[in-house]
Amino acid sequence: MSTYILGISAYYHDSAAALLCNGEIVAAAQEERFTRRKHDPRFPRNAVRYCCGEAGIDAAALDYVVFYEHPLVKFERLLETYITYAPSGFHSFRKALPSWARTKLRLPQKIHKELGDGFQGKILFTGHHESHAASAFFPSPFAEAAILTLDAVGEWATSSIGRGSGNRISVEYETKFPHSLGMLYSAFTYYTGFKVNSGEYKLMGLAPYGEPRYVNKILGNVATIRDDGSVWLDMSYFNYCQGETMTSAKFDELFGGPPRDPESFITQKEMDLGASIQAVCEDVVLRAGRHVHQLTGLKNLVMAGGVALNCVANGRLLREGPFDDIWIQPAAGDAGGALGAALIVWHQVLGHSRRPDPTDGQKGSLLGPAFRDDDIGLFLDSTGATYECHHDEDRLLDRVARLMAEEKVVGWFQGRMEYGPRALGCRSIIGDPRSPRMQQTMNLKIKFRESFRPFAPCVLREYVDQVFEMRPEEDSPYMLLVAPVRKEWRTTLSEDDEHRMADPDLRVRVAVARSTLPAITHVDYSARVQTVDHQRHGRFYRLMRRFHDVTGCPVIVNTSFNIRGEPIVCTPEEAYRCFLATEMDALVMEDHVLLKAEQPPYIRLDAEQYKASYSLD
Amino acid sequence: MITLSAPPRLAHLRAFGLLLSLCYGAVVALLAWMLRAANPVLTWVMVTSVMVAVSVTTAQQLAWLYKRWNSLVRWLSRRATTAISGICFCMCAALPRNEMRFERKPRSADASNWAKTQSTSSIADALSPDPASASKNPRWARTYIRWAPRSGNGWAIVLLPFLGLLSLFGEDEEEPVPVQNYTLF
């Protein structure tokens, strides 16, 4: 008889569900992909329904449902925070308490209600950082590894150190709220005018434009960083414990003015602040990494938590840190907690052994819904779309590779949807990185944004060391490492380029070609690398091989299949709508190829209307 | 609190009219009985019938009243929630506590901020990942009462009735949190 364990994360941000059958990951997905509401924190009822459907079971077959954190411990932290700051903080308290009274303190009832009367299993709870740690260690390829989780906050812990061995993990040390690297980074995200909890990666992308001239100010006033990578914050500079902003007036005074208004012009100050907090973050991650290594003596490290999505810091830790190898959970944020919670029950609570997969147990993080080619064909017929169908994969790949070589932007919808924040080649928009126009076209005509960040490259793993400063065959399948583009691919900037690099408008600077792969090369020659291999990526790998055969280039541009503010597409309908609303040239869904130019004139979707249906992130 | 579906469909308006008619008929019948003016049952039947007929045929005109109901419920809900939260907040600030885990003051310059992980089993054993002891459907109030003293927050038990009230008065739709804030809850 099979044992089914459902992991759930919800009611904070990025709710998700993950299902295990006898310890095997059957399915995992974030709720936002189904509700089309970015970072949806509500109970993941659609994700749960999908996971159960993928396993062919209903809620009655679930043996355990595991929630990814302890609500009562978190409630204790909230109460103590408000007590500490009383009489300040009532406004925030007034918003927090009703949701706790109605939902979060009654989670078992809520779960029963959502799953229906059929559910007869048991409800368990794990710690927030235990869930992160489990999500990092259990799917990793290591039999034994040190664990580092870096987050904003869970219950009390804001980061933790532990070790994993065999089928057990232990979380041994932690830093406690309110002292948090994640919170510190989010405070600067807020101050520089980006959305907290989603704009952190933009700040990371902004950093290369600036000089870290505020580091001393940060370390001398706002935060104290110990040699062991622990962080202590001077709370007088922050307002997140009691107020509705991240930073206080004292913070504004220290950095010379109020926070930047969202969507307003980005000045050199924001760039320098970005560079400064990024430098601090990298320093903390490196110090914490060395400390973990000292404590555990282990040669491999696994990581999770929101800060583990900082791929620049990850890249430095791998290159400069003491570990031989690092594995990072691709759904490193709270969504990944659902998977970790389920895995901890299977291995640690129920005591089942674990045999690490030499590749890893995450299955390329392709754990979401897939759609049959026949169903896609039926859907396209129902819309009246014009398409080509290539059941012969060779012909299909040849067609797509040639379209890309002609600088066409292609929507690529294949197989199972990704679990985690990154599109890894199944719900992706892809293009030719050699094209000097690709970056602008993708940003303005497809993503509908004026971005200062280049796109991420996908590289055939066998070529990774030839294009980037990485080791031969080094794995980065989840786009969680940043590495420099090798010198031989870089170009020398002309006088005109140098002049454009001084332009206050970042869109001008990012458009300066710094390598023969301009669409993926940042101003500091770095790139957020995803390696693509045959084992994990199947058809996507074969497409890249074909593109390489056609062009000699082992790299393509990969960005998520969505527009700004929209969750990544999940279904063929959503992909088709996005294709129609944007200026994508082609859409490939399984064996079906659609060209924009060939679509009937009566099929149109108003781009403005489409954009308006998603709020800016 | 009971908020009605918005925007209403015709069936919603008719159901709302029906309910109003029943309540209105009952009030008039009660008055008739108190004043001994007429047979209360007959009065209730007649008044309700007329009201039902009117509300069903003029359902669209009820939309205004329907919307007012939601506004009134929301207004009451907000006031009640604020008042109850205020009481809880005052209690949090005033009641004595044994020890706090929250640390705001700086430590000495060389002290590490890494601390040995505190076992959560003593704090939240009712929710611990132990399948043998995990209940299939634990009662939240009982869990809360067991948790509060063990976490060193025995005083938090006094919040329990207010939490119950808050769940009664809470709005069906939660207030959106500011997008620029990292909510702690």
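Not measured: the values here are computed from a predicted model. (Residues numbered from 1 in each chain as written. Chains lettered and ligands numbered in written order. Predicted model: local features only at pLDDT ≥ 70, side-chain atom pairs only at ≥ 80, totals over all residues.)

Peer 1: I keep staring at the confidence of the model for chain B and nothing clicks. Help me out?
Peer 2: Low pLDDT marks regions whose predicted coordinates should not be analysed in detail. All names here are of chain B. Mean pLDDT over chain B: 78, with 74% of residues reaching 70 or higher. Averaged over each element, pLDDT in chain B is lowest for helix α4 (residues 140-150) (85) and highest for strand β1 (residues 115-116) (90). In the model, residues 121-127 has pLDDT below 50 throughout and makes 18 contacts with residues more than four positions away in sequence or in other chains. Overall fold confidence (pTM) sits at 0.91, and the ipTM for the predicted complex is 0.87. (pLDDT = per-residue confidence, 0-100. Helix = DSSP H or I, 4+ residues; strand = E, 2+ residues; numbered from the N terminus. Contact = placed C-beta atoms within 7 Å.)

Peer 1: Whenever I open this one, the packing of helix α7 (residues 181-191) of chain A against helix α11 (residues 268-296) of chain A confuses me. Can you help?
Peer 2: Any two packed helices are characterised by how steeply their axes cross, that is the angle between the axes, and by the distance between the axes. All names here are of chain A. Following both chains from N to C, one finds α7 and α11 inclined at 175°, their axes separated by 10 Å at the closest point. In terms of axis orientation, α7 runs roughly antiparallel to α11. Across the interface between the two elements, Leu-181, Tyr-185, Phe-188 and Tyr-191 from α7 touch Leu-273, Ile-277, Cys-281 and Val-284 from α11. Grouping the constituent residues of the contact of α7 with α11 by class yields 8 nonpolar, no polar and no charged. (Axes fitted to C-alpha atoms, helices over the stretch in contact; angles between N-to-C directions. Parallel < 35°, antiparallel > 145°, perpendicular 65-115°, else oblique. Nonpolar A, V, L, I, M, F, W, Y, C, P; charged D, E, K, R; others polar.)

Peer 1: How do you make sense of the nonpolar core when you look at a structure like this?
Peer 2: General note: in soluble globular proteins, nonpolar side chains tend to be found buried as a group. Counting 229 residues, the largest nonpolar core has Leu-6, Ala-17, Ala-28, Ala-29, Cys-51, Ala-338 and Ala-342 of chain A as the members making the most contacts within it. With 11 residues, the top contributor of residues to this core is α11 of chain A. In this structure Leu-6 of chain A touches Ala-17, Leu-19, Val-48, Cys-51, Leu-62, Val-65 and Ala-342 of chain A, once residues within four positions along its chain are discounted. Counting 5 residues, the second-largest nonpolar core is a separate cluster that includes Phe-16, Ala-59, Leu-62 and Tyr-66 of chain B. (Core = buried A, V, L, I, M, F, W, Y, C linked by C-beta atoms within 7 Å. Buried ≥ 20, exposed ≤ 12 C-beta atoms within 10 Å, placed from the backbone.)

Peer 1: Please clarify how the sheet that holds strand β1 (residues 4-9) of chain A should be interpreted in this entry.
Peer 2: Paired through backbone hydrogen bonds, the strands of a sheet run either parallel or antiparallel to each other. Residues and elements named next belong to chain A. Across the sheet, which stays open at both edges, the 5 strands sit in the order β3-β2-β1-β4-β5 with mixed pairing between neighbours. Only two strands of the sheet have a single neighbouring strand rather than two, namely β3 (24-30) and β5 (122-125). Direction aside, neighbouring strands of the sheet carry axes that sit 20° apart on average. Note that β1 and strand β4 (residues 64-67) share 4 bridges and pair parallel. Among the inter-strand pairings, Gly-7 is bridged to a residue of β4, identified as Val-66. Running at roughly 150° to β3, helix α2 (residues 45-55) makes contact with β1, β2 (16-21) and β3 of the sheet. (Pairing = 2+ DSSP bridges.)

Peer 1: Which parts of the structure should I look at to understand the domain arrangement of chain A?
Peer 2: One frequently used descriptor of interface size is the decrease in accessible area upon assembly of the parts. Residue and element names in this part refer to chain A. Once the domains are mapped, chain A shows domain 1 (4-132 + 332-365), domain 2 (181-327) and domain 3 (373-612). Between the C-alpha centres of domain 2 and domain 3 the distance comes to 29 Å. Across the contact, 11 residues belong to domain 2 and 14 residues belong to domain 3. Looking at the side of domain 2 that touches domain 3, the elements that each hand over two or more residues are α8 (200-206) and α12 (311-320). Ranked by residue count, the leading element in the side of domain 2 that touches domain 3 is α12, at 5 residues. (Domains from an automatic or database assignment.)

Peer 1: Just to check I follow, could you spell out the sheet that holds strand β17 (residues 481-484) of chain A for this structure?
Peer 2: Pairing within the open sheet is mixed, and its 9 strands lie in the order β13-β21-β20-β14-β15-β19-β16-β18-β17 (chain A). In this open sheet, the two strands that pair with only one neighbour each are β13 (388-389) and β17 of chain A.

Peer 1: Is there a simple way to explain helix α13 (residues 334-349) of chain A in this structure?
Peer 2: Since the α-helix packs 3.6 residues into each turn, any two residues three or four apart lie on the same face. All names here are of chain A. Compared with the 22 Å implied by 1.5 Å per residue over 16 residues, the 21 Å span of α13 between its first and last C-alpha is a close match. Extensive coverage of α13 is indicated by the burial of 15 of its 16 residues. Once α13 ends, the next one or two residues include Gly-351, with phi positive near 75°. (Expected span 1.5 Å × (residues − 1).)

Peer 1: What should I look at first to understand unusual backbone geometry in this one?
Peer 2: The bulk of non-glycine residues show a negative phi, and the bulk of peptide bonds are trans. Residue and element names in this part refer to chain A. Backbone torsion omega between Ala-86 and Pro-87 reads 10°, so that peptide bond is classified as cis. With respect to the helices and strands, the residue Pro-87 is situated in the loop between α3 (71-85) and α4 (90-102). For the peptide bond that leads from Phe-177 to Pro-178, omega is 10°, which places it in the cis range. Along the chain, Pro-178 falls in the loop between β8 (168-176) and α7. A positive phi angle, close to 55°, is found at His-39, a residue other than glycine. With respect to the helices, strands and loops of the structure, His-39 is situated in the loop between α1 (32-35) and α2. Exposure remark for His-39: the 20 C-beta atoms within 10 Å place this residue in the buried category. Unusually for a residue other than glycine, Asn-197 sits at a positive phi of about 75°. With respect to the helices and strands, Asn-197 occurs in the loop between α7 and α8. For Asn-197, a count of 24 C-beta atoms within 10 Å puts it in the buried group.

Peer 1: Would you take a moment to explain the pairing of strand β20 (residues 586-589) of chain A for this structure?
Peer 2: For a regular strand, side chains alternate in direction, first toward one face of the sheet and then toward the other. All names here are of chain A. Here β20 shows no split at all, with Ala-586 and Val-588 on one side and Leu-587 and Met-589 on the other all buried. Relative to β20, strand β14 (residues 410-413) is paired through 4 bridges, and the arrangement is parallel. When the sheet's bridge partners are listed, Trp-412 is paired in β20 with Val-588. Note: β20 against strand β21 (residues 592-595), 4 bridges, orientation antiparallel. Bridge pairing in β21 links Met-589 to His-592. Connecting the antiparallel pair β20 and β21 is a turn made up of 2 residues, with Glu-590 showing a positive phi of about 50°.

Peer 1: I would appreciate a short explanation of α11 of chain A in the present structure.
Peer 2: End to end, α11 of chain A covers 42 Å across 29 residues, agreeing with the expected 42 Å (1.5 Å per residue, within 8%). Gly-297 of chain A sits one or two positions beyond α11 of chain A and adopts a positive phi of about 70°.

Peer 1: I would appreciate a short explanation of the packing of helix α15 (residues 393-405) of chain A against helix α21 (residues 539-551) of chain A in the present structure.
Peer 2: All names here are of chain A. Contact geometry for α15 and α21: axes closest at 9 Å, N-to-C directions at 55°. On the basis of the axis angle, α15 is oblique to α21. For the pair α15 and α21, the sense of crossing is right-handed. Between α15, through Glu-393, Leu-397, Asp-398, Val-400, Ala-401, Arg-402, Met-404 and Ala-405, and α21, the contact on the second element is made entirely by Arg-539, Arg-542, Leu-543, Arg-546, Phe-547, Val-550 and Thr-551. Of the residues contributing to the contact of α15 with α21, the split by class is 8 nonpolar, 1 polar and 6 charged. (Left-handed = near helix turned anticlockwise from the far one by under 90°.)

Peer 1: How do you make sense of the interface of chain A and chain B when you look at a structure like this?
Peer 2: Each partner contributes residues to the interface: chain A has 67 residues there, and chain B has 49 residues. Top contributing element to the side of chain A that touches chain B by residue count: α4 of chain A, with 11 residues. Residues of the side of chain A that touches chain B, tallied by class, amount to 37 nonpolar, 16 polar and 14 charged. Bridging between β8 of chain A and β1 of chain B involves 2 bridges; their strand directions are antiparallel. Of the residues in β1 of chain B, the one forming a bridge with Tyr-173 of chain A is Lys-116 of chain B.

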